[in-house]
Amino acid sequence: MVRICHISDIHVSSRYFQPELMERLIKDVNDAAPDLLVLSGDLTERGLAFEYEQARRWTDRFGVPLLVTPGNHDSRNVGYVHFEEMYGSRYSVVRLPGVHIVAADSSEPDLDEGRIGRSIYPWLHEALDAAEPGDLKVFVTHHHLLPVPGAGRERNILQDAGDLLKVLVDHGVELVLNGHKHVPWVWRFEEMLIVNAGTATTNRLRGKGRPSYAALQLSRESITVRHKYYDGSEDRLHHPLKRRTPA
Ligand SMILES: [Fe+2]
Ligand SMILES: [Fe+2]
């Protein structure tokens with residue numbers, strides 16, 4: 001069993017940022033001690049150096065391994081330079097026991113729209129091919145691959161979402177982790193679970209949305225997703241896996 005915490009859209013320097021929620025989040029994550037914390041972008045508001053410094057001060061307080069991918073806000077004002085300096089590559093592969101995780105930057109400088117981009121696909125194929133037989137495959141990127149209900153007018157879906165979905169399905173990816181819309185949601189697509197994390201620490205919310213983060217349990221047989229809210233309530237989804245590749 002592997003446990004992953006998935007947070008997104010913390011926007012530490014925006015006027016919507018709620019420091020008390022960040023304090024609570026840090027406590028919750030450190031208490032839960034997952035095998036990995038995934039932060040799927042929009043750490044900042046405008047991608048400026050001082051915002052990254054703030055973000056880093058907060059994220060340094062997580063006492064668990066961290067995988068971070070940038071969001072559209074983080075690539076504003078050439079912010080991806082600071083991202084690389086503070087968090088490393090925008091493209092990464094992380095291995096946990098029986099779980100192979102590939103993360104890719106979907107942001108474009110100064111654009112809200114996302115795209116993985118054709119030049120990245122050879123790397124993506126190689127990164128997914130590097131999984132061990134029987135591994136559960138996970139893909140992380142900021143922008144959403146499918147429309148999310150309760151998110152208002154659809155925009156900024158990945159421009160190459162169709163191509164990307166096909167690559168992920170062809171490689172037998174079982175789990176996708178996205179952010180961006182600030183709306184927690186899960187879609188089942190083919191055999192794949194697509195999880196959108198809400199905003200973990202802001203009140204930039206649509207309708208009656210609430211800040212939240214996701215706690216996931218991954219095993220060979222199933223994935224369980226819990227969208228957790230700060231009043232202690234949660235939305236839970238249990239997804240049995242049909243394994244395609246024998247372990
Ligand atoms: Fe955001
Ligand atoms: Fe975003």
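Note: the structure precedes this text.
Now for a description of the structure that goes with this document. (Residues numbered from 1 in each chain as written. Chains lettered and ligands numbered in written order. Predicted model: local features only at pLDDT ≥ 70, side-chain atom pairs only at ≥ 80, totals over all residues. Heavy atoms only, no water.)

### Describing the overall build of the protein chain
Our working rule: Each helix is a run of H or I in the DSSP string that is no shorter than four residues. Each strand is a run of E no shorter than two, and both are numbered from the N terminus. Between the two quantities, the radius of gyration covers C-alpha atoms and the globule rule is 2.2 Å times the number of residues to the power 0.38. The contact rule is simple, with two residues in contact once any of their heavy atoms fall within 4.5 Å. All accessibility values rest on the Shrake-Rupley procedure with a 1.4 Å probe; residue burial counts only the protein chains present in the view. For the charge count, each Lys or Arg is scored as positive and each Asp or Glu as negative, with His and the chain ends excluded. The atoms used to mark charge sites are NZ of Lys, CZ of Arg, CG of Asp and CD of Glu.
When helices and strands are counted, the protein chain shows 5 helices and 12 strands. A globule of 247 residues ought to have a C-alpha radius of gyration of about 18 Å, and the protein chain, at 16 Å, matches this closely. In the protein chain, 70% of the contacts between residues at least 6 apart in sequence involve partners at least 24 apart. Accessible surface computed for the protein chain: about 10,600 Å², of which carbon and sulfur atoms make up 50%. Treating the 30 positive side-chain charges of the protein chain as one cloud and the 34 negative ones as another, the clouds have centres 5 Å apart.

### Notes on the environment of S219
Our working rule: Two N or O atoms count as a polar contact when they lie within 3.5 Å, although within protein this holds only if one can serve as hydrogen donor and the other as acceptor, and sequence-adjacent residues are included solely when both atoms are side-chain atoms.
Secondary-structure assignment places S219 in the loop between β10 (212–218) and β11 (222–229). The residues contacting S219, other than those within four sequence positions of it, are M1, L136 and L241. A polar contact of 3.2 Å, which involves the side chain of S219, links it to the backbone nitrogen of E221.

### Digging into the coordination of the iron ion (ligand 1)
Basically, it comes down to this: Any nitrogen, oxygen or sulfur atom within 2.8 Å of a metal ion counts as a donor, with the limit raised to 3.2 Å for Na, K and Ca, and since water is left out, coordination shells can look unfinished. Irregular is the label for any site that misses the other tests, which are tetrahedral for four donors with all angles between 85 and 135 degrees, and square planar for four donors or octahedral for six when opposite donors exceed 155 degrees and the remaining angles lie between 65 and 115. Using a 1.4 Å probe on the protein chains alone, a residue whose accessible area is under 20% of its type maximum counts as buried, one over 50% counts as exposed, and one in between counts as partly exposed.
At 2.0 to 2.3 Å from the iron ion (ligand 1) lie its protein donor atoms, namely D9 (OD), H11 (NE2), D42 (OD) and H182 (NE2). Coordination at the iron ion (ligand 1) comes from 4 donor atoms whose angles at the metal span 84 to 172 degrees, giving a geometry best classed as irregular. Along the chain, the residues donating to the iron ion (ligand 1) are arranged with the sequence spacing D-x1-H-x30-D-x139-H. A gap of 3.6 Å separates the iron ion (ligand 1) and the iron ion (ligand 2), which D42 links by coordinating each metal. You can see D42 sitting in the loop between β2 (36–39) and α2 (49–59) and its partner H182 sitting in the loop between β7 (175–178) and β8 (185–189), a full 140 residues away along the chain. An identical accessibility class is assigned to D42 and H182; each is buried.

### Description of the coordination of the iron ion (ligand 2)
Coordination of the iron ion (ligand 2) by the protein is provided by D42 (OD), N72 (OD1), H142 (NE2) and H180 (ND1), with metal-donor distances spanning 2.1 to 2.2 Å. Bound by 4 donor atoms, the iron ion (ligand 2) shows angles of 89 to 161 degrees at the metal and therefore irregular coordination geometry. The sequence pattern describing where the donors of the iron ion (ligand 2) fall on their chain is D-x29-N-x69-H-x37-H.

### Here's the deal with helix α4 (residues 121–129)
As a reminder, the rule being used: Regarding the arc, it is the one traced by the directions from the helix axis to the C-beta atoms.
Buried residues of α4: Y121, L124, A127 and L128, and no others. The buried residues of α4 all sit within an arc of 120 degrees when viewed along its axis, so they share a single face. Away from the buried face of α4 by more than 90 degrees, exposed residues P122, E126 and D129 are located. Considering only its buried residues, α4 is in contact with β4 (92–96), β5 (99–103), β6 (136–140) and α5 (161–170).

### Here we look at the sheet that holds β8
Quick note on the threshold: Should DSSP find at least two bridges between two strands, the strands are taken to pair. Every angle, taken between N-to-C directions, lies between 0 and 180 degrees, and every axis is a line fitted to C-alpha atoms, over only the stretch in contact when it is a helix.
Spatial strand order, β4-β5-β6-β7-β9-β8: 6 strands in an open sheet with mixed pairing. Only two strands of the sheet have a single partner each, and these edge strands are β4 and β8. Averaged over all pairs of adjacent strands, the angle between their axes in this sheet comes to 20 degrees, without regard to strand direction. As paired strands, β4 and β5 are joined by 5 bridges and run antiparallel to one another. Bridge pairing in β5 links V93 to V102. Helix-sheet contacts for α4 involve β4, β5 and β6, and the interaxial angle to β5 is about 165 degrees. Here α5 sits on the sheet in contact with β6, β7, β8 and β9 (192–196), set at roughly 130 degrees to β9.

### Considering α5
Every α-helix carries 3.6 residues per turn, so stepping three or four residues along brings you back to the same face. For α5, the full list of buried residues reads A161, L164, L165, V167 and L168. Within α5, the buried residues cover an arc of 160 degrees as seen down the axis, which keeps them to one side. Exposed and oriented more than 90 degrees from the buried face of α5 are G162, D163, K166 and D170. Its buried side turned inward, α5 meets α4, β6, β7, β8 and β9. In the segment just after α5, G172 is the residue with positive phi, at about 70 degrees.

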